[in-house]
Amino acid sequence: VQLQASGGGLVQAGGSLRLSCAASGRTFSSYGMGWFRQAPGKEREFVAGISWSGGWISYADSVKGRFTISRDNAKNTVYLQMNSLKPEDTAVYYCAAGRVAGRVTYEYGYWGQGTQVTVSS
């Protein structure tokens, strides 16, 4: 599976962005998908995850109520809608695919290249 993340950019605090992650391969619908982020000097952290069917969804406490993960298996794409953005959301955001969706990096075997999100105060 190859992943291509897009949709990052510069936004003011309180604004919104929608990230997209397009996947290649006919088996996308069988993979769990996740979004992680990494700020300078910090470890990569879990943001949101969704199972292949969408029946399991999980969010980090820091984004719960503001971010929404979704997927369109017909388009081989997973999305991350980010609302009410805060300066502390500034990071490189990575999408990932794994045989099972989870909250930790080692559960994902495939990673996209990352897209920068910068939130100004």
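This one's a predicted model, so the numbers in the text were calculated from it and none came from an experiment.

Q: Go over the overall build of the chain, please, and point to the residues and values.
A: Broken down by element type, the chain carries 0 helices and 11 strands. Ordered by position from N to C terminus, the α and β elements of the chain give β-β-β-β-β-β-β-β-β-β-β. If you line up the chain on its principal axes, its C-alpha atoms span 40 × 25 × 25 Å. A burial count over the chain gives 45% of its 121 residues as buried. Within the chain, the 7 negative side-chain charges are centred at a point lying 7 Å from the centre of the 12 positive side-chain charges.

Q: Describe the pattern of salt bridges, with residues and values.
A: Side-chain pairs of opposite charge can arise whenever the charged atoms involved come near each other. Counted according to the given criterion, the structure contains 4 salt bridges. For E45, the salt bridge is made with R37, and the minimal N-O distance between the two is 2.6 Å. Exposure remark for R37: the relative accessible area of 5% places this residue in the buried category. Among the ionic pairs, K64 bridges to D61, the shortest N-O distance being 3.2 Å. In this structure, a network of salt bridges that share partners links the residues R37, E45, R66 and D89.

Q: Quick rundown of the pairing of strand 9 (residues 91-98)? Include the residues and the values.
A: With 7 of its 8 residues buried, strand 9 lies for the most part within the structure. By the bridge criterion, 7 bridges tie strand 4 (residues 32-38) to strand 9 in an arrangement that is antiparallel. Of the residues in strand 9, the one forming a bridge with M33 is A97. Note that strand 9 and strand 11 (residues 115-120) share 3 bridges and pair antiparallel. When the bridges of strand 11 are listed, V92 appears paired with Q116.

Q: Would you mind going over the sheet that holds strand 1 (residues 3-6) in detail, with residue names and values included?
A: The strand order across the open sheet built from 4 strands is 1-3-8-7, with neighbouring strands paired in antiparallel fashion. Single-partner strands in this sheet number two, and they are strand 1 and strand 7 (67-72). Across this sheet, the average inter-strand angle for adjacent strands is 15 degrees, counted without regard to direction. As paired elements, strand 3 (residues 17-23) and strand 8 (residues 77-82) share 6 bridges and run antiparallel to each other. In the sheet register, S20 faces strand 8, and the bridge partner there is Y79.

What counts, and at which threshold
- Residues numbered from 1 in each chain as written.
- Predicted model: local features only at pLDDT ≥ 70, side-chain atom pairs only at ≥ 80, totals over all residues.
- Heavy atoms only, no water.
- Helix = DSSP H or I, 4+ residues; strand = E, 2+ residues; numbered from the N terminus.
- Buried < 20%, exposed > 50% of the residue type's maximum accessible area, 1.4 Å probe, protein only.
- Lys, Arg positive; Asp, Glu negative; His and termini not counted.
- Charge placed at Lys NZ, Arg CZ, Asp CG, Glu CD.
- Salt bridge = Lys/Arg side-chain N within 4 Å of Asp/Glu carboxyl O.
- Pairing = 2+ DSSP bridges.
- Axes fitted to C-alpha atoms, helices over the stretch in contact; angles between N-to-C directions.

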